[in-house]
Protein chains: 2
Amino acid sequence: MSEKKHVKTEKNVLEGNFRIAQNLRRMFAQNGVVVLNLVSSPGSGKTTMLVRTITDLFSDFRMAVIEGDQQTSRDTERISSAGVPVHQINTMSGCHLSAAMISKAVKEFDLKNLDVLFIENVGNLVCPAAFDIGEDFRVLILSVTEGEDKPLKYPNMFISSHIVLLNKIDLLSALNFQKDECLGFIKRITPNAKVFEISATSGGEGMKEWYRWLEDAVNLKKKQSE
Amino acid sequence: MSEKKHVKTEKNVLEGNFRIAQNLRRMFAQNGVVVLNLVSSPGSGKTTMLVRTITDLFSDFRMAVIEGDQQTSRDTERISSAGVPVHQINTMSGCHLSAAMISKAVKEFDLKNLDVLFIENVGNLVCPAAFDIGEDFRVLILSVTEGEDKPLKYPNMFISSHIVLLNKIDLLSALNFQKDECLGFIKRITPNAKVFEISATSGGEGMKEWYRWLEDAVNLKKKQSE
């Protein structure tokens, strides 16, 4: 296939995806549900963060999860045991979730009875950046074990994110990680993103601030859909 | 674009890529150069491992590097300062290196005067799995901070790898990482892969075993090309 044809195909795929995503966003808004697209590289602690969040907020919000995974249902089992409805999408060789996949998956839920829908994307800092899946907020989880320079090296993903959760900060003392440098890079690439420094294991540092933000987002959404 | 058409397009792209990769492999063999495709998720310590390797083996082998990065030339600068020739490919929104990119990049090197060519792929555990770039060995770097289950969750990448470098083992005492469980998963997914437990920083644990393997590969390749 020629380079030109390839670019055209890609453009068509993204435009089609965007149309479906816009429809999804309208539907989510009508139902007053906040939708979060969780993105990160593999091993950032995305699922651990999610399981802790739904466990801690279980009595406050009505939540559900769409779980994107190349293979295995390991994450789905972890989430399911936390007690919220979860639907799994196995992307197999696919490297990202698309709006069409989400359209199909949301049929499993009664959106009217949800406050928050978490969509855990495939662990990949590249491909999911280009695919709008109808979310209100894109939440990027970056672990301090990954090095300071990730915002510079994967700018497309950072630019398109509204929230950055800087995870595993309990490991800082064991690492040679320049936190202020990293925060500077995030600020440079995505100046408006809100950053929370968290640890989803151990003492749960910073998780309360993240929950407070989520609570505000839910309240605002409910007001808008009234 | 229909699902069927999309699958056909993908098949054509992969077949075209494979043909170019086969030509590359022949050319590398004729020149007696060992080619390693380094793959991992972002932040596994791939570049740090590579810089240490070329620094430590500088007087033993004639080496060069092709550096694949979405953006920035940070890694290229790190490698360049270690004293070996390096050519950078910026993939921009692309999520993997292809054989065609490598075909173009190798023109920058005098292959006859090389023992080892390292190709550092884009940090991504999904897409590079499908793209043969003419390498002799695919080397997967997995950091112990990423969790035990990565072989199960990204099997395509693990199945296609010949070497697994389990990196950052100096951090084991700070983590709740079940090393034996992880080694078991690697063995289950890719039973023939050779695994080295290493730390590319601090004491450099395990690096000597990795270098010894590389030396054997170079010697064998030279013998085959005589």
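None of these values were measured; they are calculated from a predicted model. (Residues numbered from 1 in each chain as written. Chains lettered and ligands numbered in written order. Predicted model: local features only at pLDDT ≥ 70, side-chain atom pairs only at ≥ 80, totals over all residues. Heavy atoms only, no water.)

### Let's talk about the relation of the copies chain B and chain A
Move 1: In the superposition of chain B on chain A (RMSD 0.0 Å, axial shift 0.0 Å), the rotation amounts to 180 degrees. Taken together, the rotation and translation describe the operation of a two-fold axis. (Least-squares fit on C-alpha atoms with pLDDT ≥ 70 in both.)

### Looking at the packing of helix α2 (residues 46–56) of chain B against helix α8 (residues 207–225) of chain B
Residue and element names in this part refer to chain B.
Move 1: Taken N-terminus to C-terminus, the directions of α2 and α8 make an angle of 65 degrees; their axes are 11 Å apart at the nearest point. Comparing their axes, α8 and α2 come out roughly perpendicular. Seen along the crossing, α2 lies across α8 with a hand that is right-handed. Along its contact with α2, which presents Met-49, Arg-52, Thr-53 and Asp-56, the element α8 presents Met-207, Trp-210, Tyr-211 and Leu-214.
Move 2: For the contact of α2 with α8, the per-class residue count stands at five nonpolar, one polar and two charged. (Axes fitted to C-alpha atoms, helices over the stretch in contact; angles between N-to-C directions. Helix = DSSP H or I, 4+ residues; strand = E, 2+ residues; numbered from the N terminus. Parallel < 35°, antiparallel > 145°, perpendicular 65-115°, else oblique. Left-handed = near helix turned anticlockwise from the far one by under 90°. Contact = heavy atoms within 4.5 Å. Nonpolar A, V, L, I, M, F, W, Y, C, P; charged D, E, K, R; others polar.)

### Looking at the environment of Ser143(B)
Residues and elements named next belong to chain B.
Move 1: Assignment of secondary structure puts Ser-143 in strand β5 (residues 137–143).
Move 2: In sequence terms Ser-143 and Ala-193 are 50 residues apart; their C-alpha atoms lie 16 Å from each other.
Move 3: If we ignore the near neighbours within four places in the chain, the residues touching Ser-143 are Ser-44, Asn-167 and Lys-168.
Move 4: At 2.6 Å, the side chain of Ser-143 and the side chain of Thr-145 are in polar contact. (Polar contact = N/O pair within 3.5 Å; in protein donor to acceptor, adjacent residues only side chain to side chain.)

### Some remarks on empty space enclosed by the protein
Move 1: Summed over all chains, the structure comprises one cavity of 30 Å³ or more.
Move 2: Considering the residues around the largest cavity, the lining is formed by Ser41(A), Pro42(A), Gly43(A), Thr145(A), Glu146(A), Pro42(B), Gly43(B), Ser44(B), Ser143(B), Thr145(B), Glu146(B) and Lys168(B).
Move 3: When the residues that make up the lining of the largest cavity are grouped by side-chain class, the tally is two nonpolar, seven polar and three charged. (1 Å grid on protein atoms, 1.4 Å probe; cavity = no way out; pocket = protein on both sides within 12 Å on 5 of 7 lines; lining within 4 Å. Points joined across faces, edges and corners; volume = space filled by probe spheres on them.)

### Some thoughts on the state of the cysteines
Move 1: The tally for this structure, following the rule as stated, stands at zero disulfides over all chains.
Move 2: As a non-bridged cysteine, Cys127(A) has Cys127(B) as the owner of its nearest cysteine sulfur, 3.2 Å distant.
Move 3: Looking at Cys127(A), the relative accessible area reads 8%, which means it is buried. (Disulfide = S-S within 2.5 Å. Buried < 20%, exposed > 50% of the residue type's maximum accessible area, 1.4 Å probe, protein only.)

### Details of the pattern of salt bridges
Move 1: Tallied over the full model, the rule gives 26 salt bridges over all chains.
Move 2: Residues Arg25(A) and Asp132(A) are paired through a salt bridge, measuring 2.7 Å at the closest nitrogen-oxygen approach. Linking Arg25(A) in helix α1 (residues 3–30) with Asp132(A) in the loop between β4 (116–120) and β5 (137–143), this pair joins segments that are 107 residues apart in sequence.
Move 3: We classify Asp132(A) as buried; its relative accessible area is 15%.
Move 4: Salt-bridge contacts for Lys221(A) lead to Asp136(A); the nearest nitrogen and oxygen are separated by 2.7 Å. One end of the pair, Lys221(A), is in helix α8 (residues 207–225); the other, Asp136(A), is in the loop between β4 and β5, and 85 residues separate them in sequence.
Move 5: Judged by relative accessible area, Lys221(A) falls into the buried class, the value being 8%.
Move 6: A relative accessible area of 21% means that Asp136(A) is categorised as partly exposed.
Move 7: Among the ionic contacts, a cluster of salt bridges with common partners joins Asp69(A), Asp75(A), Arg78(A) and Lys153(B). (Salt bridge = Lys/Arg side-chain N within 4 Å of Asp/Glu carboxyl O.)

### Overview of the side chain of Asp115(A)
All names here are of chain A.
Move 1: Within the secondary structure, Asp-115 is located in the loop between α4 (99–105) and β4.
Move 2: By relative accessible area, Asp-115 is classed as buried at 7%.
Move 3: One polar contact links Asp-115 to Lys-222, side chain to side chain, over a distance of 3.2 Å.

### Concerning the interface of chain B and chain A
Move 1: With 39 residues of chain B in contact, the opposing surface of chain A contributes 39 residues.
Move 2: Interface area, chain B with chain A, both sides summed: about 3000 Å², of which 57% is carbon and sulfur.
Move 3: When the buried surface of chain B facing chain A is broken down by residue, Pro42(B), Arg74(B) and Lys153(B) rank first, second and third, together holding 19% of it.
Move 4: The interface formed by chain B and chain A contains six salt bridges.
Move 5: Note that Lys153(A) and Asp69(B) form a salt bridge whose closest N and O atoms lie 3.9 Å from each other.
Move 6: Summed over the shared surface of chain B and chain A, the number is seven residue pairs in polar contact (both at pLDDT 80 or more). (Buried area = accessible area lost by both parts, 1.4 Å probe.)

### Let's talk about the pairing of strand β6 (residues 163–167) of chain B
Residue and element names in this part refer to chain B.
Move 1: Burial within β6 is extensive, with five of its five residues counted as buried.
Move 2: Side-chain alternation along β6 places Ile-163, Leu-165 and Asn-167 on one buried face and Val-164 and Leu-166 on a second face that is also buried.
Move 3: Two strands pair when backbone bridges link them, and β5 and β6 are joined in this way by five bridges, in the parallel orientation. The partner of Leu-140 across the bridge, within β6, is Val-164.
Move 4: Two elements, β6 and strand β7 (residues 194–197), share four bridges in a ladder whose sense is parallel. Paired with Leu-165 across the two strands is Phe-196, which belongs to β7.
Move 5: Each parallel crossover has a hand, and for β6 linked through helix α7 (residues 179–189) to β7 it is right-handed. (Pairing = 2+ DSSP bridges. Right-handed = clockwise from strand over helix to strand, strands pointing away.)

### Concerning the sheet that holds strand β7 (residues 194–197) of chain A
Residue and element names in this part refer to chain A.
Move 1: Pairing is parallel across the open sheet formed by seven strands, whose spatial order is β3-β2-β4-β1-β5-β6-β7. Pairing within the sheet leaves two strands with one partner each, and these edge strands are β3 (86–90) and β7. Averaged over neighbouring strand pairs, the angle between their axes works out to 20 degrees when direction is ignored.
Move 2: In this sheet, β4 lies alongside strand β2 (residues 63–69) in parallel orientation, the contact comprising five bridges. Bridging from a neighbouring strand, Ala-64 pairs with Leu-117 of β4.
Move 3: The sheet contacts of helix α2 (residues 46–56) involve β1 (34–39), β2, β4, β5 and β6 (163–167), and relative to β4 the element is tilted by about 165 degrees.

### Topic: unusual backbone geometry
Residues and elements named next belong to chain B.
Move 1: In the Ramachandran plot, Lys-168 falls in the positive-phi region, its phi being about 65 degrees despite a non-glycine side chain.
Move 2: Structurally, Lys-168 can be placed in the loop between β6 and α7.
Move 3: Judged by relative accessible area, Lys-168 falls into the buried class, the value being 13%.
Move 4: Its identity is not glycine, yet Ser-202 carries a phi of approximately 40 degrees, on the positive side.
Move 5: Along the polypeptide, Ser-202 turns up in the loop between β7 and α8.

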